[in-house]
Amino acid sequence: MKDLLFSSQGRINRSRFWIAALGTSLGLSAVLAIVMTILWQLIPGSVDEDGTFKVDGTIAVPYIAAVLAYGVITVWAGICLGIKRYHDLNKSGAWLLVMFVPLIGSVVYFIQAGCLR
């Protein structure tokens with residue numbers, strides 16, 4: 001699992017790419033929900049009239065750290081999966097930068113990484 005999500009070496013086929021991408025998203029989201037629930041029990045905030053949760057001041061630091069860790073892990077795993085997928089297509093991992101092209105970059109990435117054999 002560690003080599004699949006956190007190493008850019010190797011290749012993965014399309015089905016393994018989708019399974020890893022969806023599994024990572026769902027798994028890390030579940031872990032974040034559990035961490036936030038535990039934090040809410042340890043460091044409670046307040047609930048506004050409209051039902052939104054609110055944590056102010058320095059007690060928000062653990063919440064921010066949890067969300068930041070979730071973001072870093074998710075982005076890094078996504079980058080590694082994308083690079084491996086491009087390696088499987090006999091392309092350089094630098095092709096992942098195509099995602100930063102406005103408007104068409106994410107479409108091109110989706111087609112190349114998610115749809116091509």
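See the structure shown above.
Residues numbered from 1 in each chain as written. Predicted model: local features only at pLDDT ≥ 70, side-chain atom pairs only at ≥ 80, totals over all residues. Heavy atoms only, no water.

Undergrad: Could you give an account of the environment of Ala 60, naming the residues involved and the relevant values?
TA: Inspection of the secondary structure assignment puts Ala 60 in the loop between strand S2 (53-54) and helix H3 (61-88). Distance from Ala 60 to Val 47, taken between C-alpha atoms, is 14 Å for residues 13 residues apart in sequence. (Helix = DSSP H or I, 4+ residues; strand = E, 2+ residues; numbered from the N terminus.)

Undergrad: Can you lay out a nonpolar patch on the surface for me, pointing to particular residues and giving the numbers?
TA: Residues Trp 18, Leu 22, Val 107, Phe 110, Ile 111 and Leu 116 make up a contiguous nonpolar surface patch of roughly 530 Å² in combined accessible area. Those elements giving two or more residues to the nonpolar patch turn out to be helix H2 (14-42) and helix H4 (105-115). The greatest single-element share of the nonpolar patch, amounting to 3 residues, is contributed by H4. Mapping Leu 116 onto the fold places it in the segment after H4. Taking the relative accessible area as the measure of exposure, Leu 116 reaches 38% and is therefore partly exposed. (Patch = residues over 30% accessible without salt bridge, like charges linked within 9 Å, V, L, I, M, F, W, Y side chains within 5 Å. Areas by Shrake-Rupley, 256 points an atom, 1.4 Å probe, with all protein chains shown as cover. Salt bridge = Lys/Arg side-chain N within 4 Å of Asp/Glu carboxyl O. Buried < 20%, exposed > 50% of the residue type's maximum accessible area, 1.4 Å probe, protein only.)

Undergrad: Hey, could you go over the layout of surface pockets for me, with residue numbers and the actual values?
TA: Taking a probe equal in size to a water molecule and rolling it over the atoms shows the remaining empty space. Of the voids in this model, the largest pocket is the one considered here, and its volume is about 240 Å³. Surrounding the largest pocket, Phe 17, Ala 21, Val 75, Gly 78, Ile 79, Leu 81, Gly 93, Leu 96, Leu 97, Met 99, Phe 100 and Tyr 109 form its lining. Of all elements in the fold, only H2 and H3 reach the threshold of two or more residues within the lining of the largest pocket. For the lining of the largest pocket, the element with the highest residue contribution is H3, accounting for 4 residues. Classifying every residue of the lining of the largest pocket by side-chain character gives 10 nonpolar, 2 polar and no charged. (1 Å grid on protein atoms, 1.4 Å probe; cavity = no way out; pocket = protein on both sides within 12 Å on 5 of 7 lines; lining within 4 Å. Points joined across faces, edges and corners; volume = space filled by probe spheres on them. Nonpolar A, V, L, I, M, F, W, Y, C, P; charged D, E, K, R; others polar.)

Undergrad: Let's hear about the packing of H3 against H4: which residues, and what values?
TA: As a packed pair, H3 and H4 sit with axes 9 Å apart at the nearest point and diverge in direction by 65 degrees. Crossing hand, H3 versus H4: left-handed. Every residue of H4 that contacts H3 at Gly 78, Gly 82, Arg 85 and Tyr 86 is listed here: Tyr 109, Gln 112 and Ala 113. Taken together, the residues that form the contact of H3 with H4 break down as 3 nonpolar, 3 polar and 1 charged. (Axes fitted to C-alpha atoms, helices over the stretch in contact; angles between N-to-C directions. Left-handed = near helix turned anticlockwise from the far one by under 90°. Contact = heavy atoms within 4.5 Å.)

Undergrad: Which residues make up unusual backbone geometry, and what are the values?
TA: At Asn 90, a residue that is not glycine, the phi angle is positive and equals roughly 60 degrees. Residue Asn 90 is classed as exposed on the basis of its relative accessible area, which comes to 63%. Its identity is not glycine, yet Leu 103 carries a phi of approximately 70 degrees, on the positive side. Among the secondary structure elements, Leu 103 is positioned in the loop between H3 and H4. For Leu 103, a relative accessible area of 79% translates into the label exposed.

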